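# Geometric and topological summary
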Amino acid sequence: MAEVEETLKRIQSQKGVQGIIIVNAEGIPIKTTLDNSSTVQYAGLIHQSVMKARSTVRDIDPQNDLTFLRIRSKKNEIMIAPDKDYFLIVIQNPSD
Amino acid sequence: MSIPTAKLKKPTLKVTPSSRAMNISTSGILRLNRSATYARSINASVSRKSFCLAADSKILEKSSVQTPKHTIQVLDENGKDVTPRPVYQPDPAAVQSKHSKIFASDTSGGTMSDFYSTTYQTTTNASFAGAFTRSLFGSGSVSIGSQSIMESMSEEIEDPSSKRDNSISLSDVQVKREEVKELIQEEMLDDMVDLYLVESDTLCLLDMPAISVSVDSMEAESVKERNSRYTELCKNRTGNDKYMGRSMQTFNGASKTKEVQSEAITMADAATIANNWDMYDSFCSAGQGEVDLSTDTDKASIAEMIHQNHGPTRTMERTMSVISSSTIVSSSSSRMEMEPFVVPSESKPDPELILQSEEFQQHLFVMERIILENIYQPKLAAYRQLPTLEDPDSMPKAVPMVVSRREESSLDEEGPPTPALERLWSFSCELTTGRNVSSMAWNKRNPDLLAVGYGQFAFKDQKPGLVCCWSLKNPSWPERIFTCQSGVTALDFSASSASMLAVGMHDGTIATYNVQSREKTPVIDSSDCVHKHTSPVWQVRWINHERALSGEDKGEALISVSADGRISKWFLRKGLDCIDLMKLKRTRNDRFKRQVGEKERKSEALISRQAPGLCFDFHPTDSNIYLAGTEEGHIHKCSCSYNEQFLETYQAHKGPLYRITWSPFCSDVFLSCSSDWTIQLWRQDLFTPVLGFMSTQRAVYDVMWSPKWATVFGAVNEGRMEIWDLGASILDPTIVNPASPGVKLTSLLFATETDCVLVGDSDGQVSVYQLKNFTAGEGTQVGTLEDIIGSTLASQL
């Protein structure tokens, strides 16, 4: 547990990381470093995106599954590690 | 058909079991027929009347007698026996061929009235048609159509056992019929069969007398008379006192409205989308649920991901999608909570569990690497000699002028661009700041893995040592951290088992770690060994002996040199768990008497007069020969076969030798560096160095040949890092990189596959530099080196 906390702290302190959100399987955030409204917004929207992406991957080959999702935008990059029970979302702006 | 419900306006009838049973439920229809029948016999009339009476008392329906063999008596309230008597007395003798006609015929299509008409036709059994029908049904030979009729007529069927006598006779008859049937065989088909047709008695079922009578008939007169009498009567009727009109009024039943209201049936729409993978999932999970292919709801845009194919979770997923959509629409305050959402289902784990789970850690690990990759991407690309791509979205920070100038200079054909070092990044974290980097080693199998040992050189200010395994993918935090009880002074990765790391420490302990595991403790430790080193271990190396001297020598062995003057071979027996540190103690006594000029060896006992050994290096091709450097400044060439004598001694240095290294390309050339500010280049057959290099008046801590070019080597002294290219100049280093002020550079390592150099300093940082615009020429330049040596020697002579 301590290692997890440490790693989270390290990630948070990396250059350009704007926030970390951990969302459970239903889209409810369970841990976040952003403010409330952003968290909820991100959680909801990203949840849908991930569902769609996963559905896409699995439709093509049902034995396949989504392991990582990166959305690169102009201003930042959203990285999502999906799992059966949770999503790990990190928003980073690497050119900061 | 609707049987009118019992209207008990007539005197109730008691039904006693003594009377004959009757199927009252059928009486409704029978009544119809009955009333139409023109009764001839008194019997029949009586029975009719009683029948009708009985029909009114429908209570008897249910209580229709289950008692077999009991005759039922229907008694009026006055006690009169109004038991209907059977209409028909069957003649058992008579062969009822017509039975078969009835029974065999498919009555399913026939309506009820038809059915009854047929029954009346035959008058086979009409005790009362009820019993008849019952027995009929009881016989079980009737087709299913009659079943339906029966069902509509009565709820209960009596047992076949409860037949009446006549039914029994019927069944007898039936049995006879059956028997007859059985006897018909194939061969009988050809027989001549005689059929006799006889006329039976005429049965009158319906007799409707005509209303009009012919004038010619015999009754005409009486009819006429009757008619006339009637008209006269009608005429006399008016005004006659004999007749009185009386009106009656029928009661209208008070109507009462009655309402029933039922609860509205709540409807819920359920829909799902069946995806390809959904079907696959359900197939794999042993096909529990079915796929509902229904129309999409208006939330069709949300693709539902269904983990398990059970009903409850499915609805949960749907509600989840509902929730998520509603979140966007209206951010209700209940959604704002950060507390974990407690769901009453065992498939949703606790958030605490999530945070502690293995997969989460793994994901965090990967995520961290990815983030760092984002940050360090240009640097890593440069390291791996990939073209660095400019981020198109990042704002251009540098002034465009500078860029163009640089471009100009690179396009300049006049002079070669000056070789330089570009600092890419540095491995450091908060754990390592303040520690002195004492040694570095690449992993033999994974060229991205670097082990760095931290430990002080000097005797004072000793603190617990540290070994960190860094990965190129994460320059900000080491992959493995091992804490050792004393400062680490030497490191080496094994070649045969690539995850074994040997560590030599300042207190003489040698330990091996398995970097694959997450354990913080060494696999083996030499602190229990009797013959362990008592002084700092300055170098460890895994050496692969190809030529085995004895059976035990084959394989990889760990050789160490320490300041107590011994080069020891640590032997790991091939047992699985039991690692036997059997050190083959080959003592190399480096005591040297200058006056005598002789070389004295020493035997087992440790005497303080052994010169401390500081470094050694095995010959790249012949693993028997090795060089050892001592604190006195001597280089001894030794062989593994002889543990008593040196083969050669090279003396030139005036201070302790910090590093000896054979050239990887020229097999008899080696370099040595010492604290007397010089680097010497030797050839193994000459007892004086071929070339000496001195650039500053600082002790040279480390020197290493470049793995790519034979003429290039790097050296690190206290104040700066130098890259020498002998093909370019033998007097000055080609590239010089000064250290940051206050920091001493202590170790150097070339990267094996790329043009990068790693420099460790006394502040715990390992900086990665890339050699830019540097090339020593085509090929490995072995020839150049030999030429240089040759020319130097020639010039010396």
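Residues numbered from 1 in each chain as written. Chains lettered and ligands numbered in written order. Predicted model: local features only at pLDDT ≥ 70, side-chain atom pairs only at ≥ 80, totals over all residues. Heavy atoms only, no water.

In the annotation of an unreviewed UniProt entry, chain A is listed under the name Dynein light chain roadblock and assigned to Esox lucius. If you open the UniProt record of chain A and go to Function (unreviewed entry), you find "Acts as one of several non-catalytic accessory components of the cytoplasmic dynein 1 complex that are thought to be involved in linking dynein to cargos and to adapter proteins that regulate dynein function. Cytoplasmic dynein 1 acts as a motor for the intracellular retrograde motility of vesicles and organelles along microtubules." Under the Subcellular location (unreviewed entry) heading, UniProt states for chain A: "Cytoplasm, Cytoskeleton". (UniProt positions renumbered as here; feature names shortened; annotations may be inferred.)

This brings us to the overall build of chain A. Broken down by element type, chain A carries two helices and five strands. Scanning chain A from its N terminus toward the C terminus, one meets helices and strands in the order α-β-β-α-β-β-β. Of all intrachain contacts in chain A linking residues separated by at least 6 positions in sequence, the fraction that spans at least 24 positions is 39%. As presented, chain A carries roughly 4200 Å² of accessible surface, and 50% of it is formed by carbon and sulfur atoms. (Helix = DSSP H or I, 4+ residues; strand = E, 2+ residues; numbered from the N terminus. Contact = heavy atoms within 4.5 Å. Areas by Shrake-Rupley, 256 points an atom, 1.4 Å probe, with all protein chains shown as cover.)

Quick look at the packing of helix 1 (residues 2-13) of chain A against helix 13 (residues 358-383) of chain B now. Where helix 1 of chain A contacts helix 13 of chain B, the axes come no closer than 10 Å and their chain directions differ by 20°. Accordingly, the angle class assigned to the pair helix 1 of chain A and helix 13 of chain B is roughly parallel. Our pair here, helix 1 of chain A against helix 13 of chain B, has a crossing hand that is left-handed. Note on element contacts: helix 13 of chain B touches helix 1 of chain A through F360, Q361, L364, M367, E368 and I371 of chain B, opposite E3, V4, T7, L8, R10 and I11 of chain A. Classifying every residue of the contact of helix 1 of chain A with helix 13 of chain B by side-chain character gives seven nonpolar, two polar and three charged. (Axes fitted to C-alpha atoms, helices over the stretch in contact; angles between N-to-C directions. Parallel < 35°, antiparallel > 145°, perpendicular 65-115°, else oblique. Left-handed = near helix turned anticlockwise from the far one by under 90°. Nonpolar A, V, L, I, M, F, W, Y, C, P; charged D, E, K, R; others polar.)

Turning to the pattern of salt bridges, a few remarks are in order. Evaluated as defined, the whole model comprises 19 salt bridges over all chains. In this structure, the salt-bridge partner of E5 of chain A is K31 of chain A, at a minimum N-O distance of 3.7 Å. Here E5 of chain A, found in helix 1, pairs with K31 of chain A, found in strand 2 (residues 29-32); they are 26 residues apart in sequence, far enough to count as distant. The exposure class assigned to E5 of chain A is partly exposed, which follows from its relative accessible area of 30%. Note that E718 of chain B is salt-bridged to R698 of chain B, the shortest N-O span being 3.8 Å. Taken as a pair, E718 of chain B in the loop between strand 25 (712-717) and strand 26 (720-725) and R698 of chain B in the loop between strand 23 (691-693) and strand 24 (700-705) lie far apart in primary sequence, 20 residues in all. Exposure remark for E718 of chain B: the relative accessible area of 21% places this residue in the partly exposed category. One continuous salt-bridge network, built from bridges that share partners, spans R70, R72 and E77 of chain A together with E373 of chain B. (Salt bridge = Lys/Arg side-chain N within 4 Å of Asp/Glu carboxyl O. Buried < 20%, exposed > 50% of the residue type's maximum accessible area, 1.4 Å probe, protein only.)

This part takes up the environment of I567 of chain B. Of note, I567 of chain B is situated in strand 14 (residues 567-572). Classification of I567 of chain B as buried rests on a relative accessible area of 6%.

This part is about the sheet that holds strand 5 (residues 449-454) of chain B. Residues and elements named next belong to chain B. Spatially, the four strands line up as an open sheet ordered 4-5-6-7, and their pairing is antiparallel. The open sheet terminates on both sides in strands that have one partner only, identified here as strand 4 (437-442) and strand 7 (480-484). Adjacent strand axes in the sheet meet at a mean angle of 15° when their direction is disregarded. Two elements, strand 6 (residues 465-471) and strand 7, share five bridges in a ladder whose sense is antiparallel. Bridging across to strand 7, V467 finds its partner in F482. (Pairing = 2+ DSSP bridges.)

End to end, helix 2 (residues 36-60) of chain A covers 36 Å across 25 residues, agreeing with the expected 36 Å (1.5 Å per residue, within 8%). For helix 2 of chain A, every residue scored as buried is listed here: T39, V40, A43, G44, I46, H47, V50, M51, A53, R54, S55 and R58 of chain A. (Expected span 1.5 Å × (residues − 1).)

Attention now moves to the packing of aromatic side chains. Residue and element names in this part refer to chain B. The full count for this structure, using the stated rule, is 19 aromatic pairs over all chains. Taken together, a centroid distance of 5.9 Å and an interplanar angle of 85° make the contact between W425 and F427 edge-to-face. The exposure class of F427 is buried, given its relative accessible area of 0%. Measuring from centroid to centroid gives 5.5 Å for Y658 and Y701, while their planes differ by 45°, and the two rings are tilted. Remark: Y701 occurs in strand 24 and Y658 occurs in strand 20 (residues 657-662); sequence separation between them is 43 residues. The buried category is assigned to Y701, whose relative accessible area is 16%. A connected cluster of aromatic rings, assembled from ring pairs, spans Y650, W662, F670, W682 and F687. (Phe/Tyr/Trp six-rings, centres within 6.5 Å; stacked < 30°, edge-to-face > 60°.)

So, about the packing of helix 2 of chain A against helix 10 (residues 276-284) of chain B. The contact between helix 2 of chain A and helix 10 of chain B brings their axes to 7 Å, and the two run at 70°. Taken together, the axes of helix 2 of chain A and helix 10 of chain B lie roughly perpendicular to each other. The crossing of helix 2 of chain A and helix 10 of chain B is left-handed. Residue-level inspection shows S55, R58 and D59 of chain A of helix 2 of chain A in contact with helix 10 of chain B, the latter providing N276, W277, Y280 and D281 of chain B. Of the residues in the contact of helix 2 of chain A with helix 10 of chain B, the class split is two nonpolar, two polar and three charged.

Let's shift gears to the sheet that holds strand 17 (residues 625-630) of chain B. Residues and elements named next belong to chain B. Ordered by their spatial adjacency, four strands build an open sheet running 16-17-18-19, and the pairing between neighbours is antiparallel. Strands with a single pairing partner mark the edges of an open sheet, and in this sheet they are strand 16 (613-618) and strand 19 (648-651). Averaged over all pairs of adjacent strands, the angle between strand axes in this sheet comes to 20°, irrespective of strand direction. Of the strand pairs in this sheet, strand 17 and strand 18 (residues 634-639) are connected by five bridges, and their pairing is antiparallel. From the neighbouring strand, I625 faces strand 18, where its bridge partner is S639.

In this section: unusual backbone geometry. Residues and elements named next belong to chain B. Non-glycine residue W677 carries a positive phi angle of around 70°. Examined against the element boundaries, W677 turns out to sit in the loop between strand 21 (669-674) and strand 22 (679-683). For W677, a relative accessible area of 36% puts it in the partly exposed group.

This part takes up the side chain of N737 of chain B. Residue and element names in this part refer to chain B. Within the secondary structure, N737 sits in strand 27 (residues 735-738). Residue classification places N737 among the buried residues on the basis of a relative accessible area of 17%. N737 has contacts with L421, R720, M721, L745 and Y769, leaving out every residue within four places of it along the chain.

A contiguous nonpolar patch, built from L205, L206 and M208 of chain B and spanning about 320 Å² of accessible area, is present on the exposed surface. Mapped onto the secondary structure, L206 of chain B falls in the loop between helix 8 (165-183) and helix 9 (220-237). (Patch = residues over 30% accessible without salt bridge, like charges linked within 9 Å, V, L, I, M, F, W, Y side chains within 5 Å.)

Before going further, it helps to examine the pairing of strand 29 (residues 756-761) of chain B. All names here are of chain B. Within strand 29, six of the six residues are buried, which leaves it mostly tucked inside the rest of the structure. Across five bridges, the pairing between strand 28 (residues 745-750) and strand 29 is antiparallel. Directly across from L748, in strand 29, lies its bridge partner V759. Following strand 28, the chain reverses through five residues before pairing antiparallel with strand 29. Pairing between strand 29 and strand 30 (residues 766-772): five bridges, direction antiparallel. Residue pairing in the sheet places L758 in a bridge with V768 of strand 30. Taking the residues that link successive antiparallel strands as the turn, the strand 29-strand 30 hairpin has four residues, and the phi of G764 there is positive, at about 90°.

Residues and elements named next belong to chain B. With 26 residues, helix 13 ought to run about 38 Å at 1.5 Å a step, yet its terminal C-alpha atoms sit only 32 Å apart, falling short of that. Of all bends in helix 13, the biggest is about 75°, found at Y376, and the proline P378 comes one to four residues later. Where helix 13 terminates, the next one or two residues include Q385, which has phi positive at roughly 60°. (Bend = angle between axes of the 7 residues up to and from the residue.)

The next thing to look at is the nonpolar core. Residues and elements named next belong to chain B. Of all hydrophobic cores here, the largest spans 47 residues; its most connected members are Y383, W425, F427, L450 and L758. Counting residues per element, this core draws most heavily on helix 13, which supplies eleven residues. Not counting the four nearest positions on each side in its chain, L758 is found in contact with F427, M440, W442, L450, S747, L748, L749, V766, S767 and V768. By size, the runner-up hydrophobic cluster in this structure holds 21 residues, among which are F713, L785, I789 and L793. (Core = buried A, V, L, I, M, F, W, Y, C linked by side-chain atoms within 4.5 Å.)

Right, let's talk about the state of the cysteines for a bit. Residues and elements named next belong to chain B. A complete count under the given rule lists zero disulfides over all chains for this structure. There is no disulfide at C429, and the cysteine sulfur nearest it, in C468, is 5.6 Å away. Looking at the unpaired C469, the closest cysteine sulfur is the one in C468, lying at 7.7 Å. (Disulfide = S-S within 2.5 Å.)

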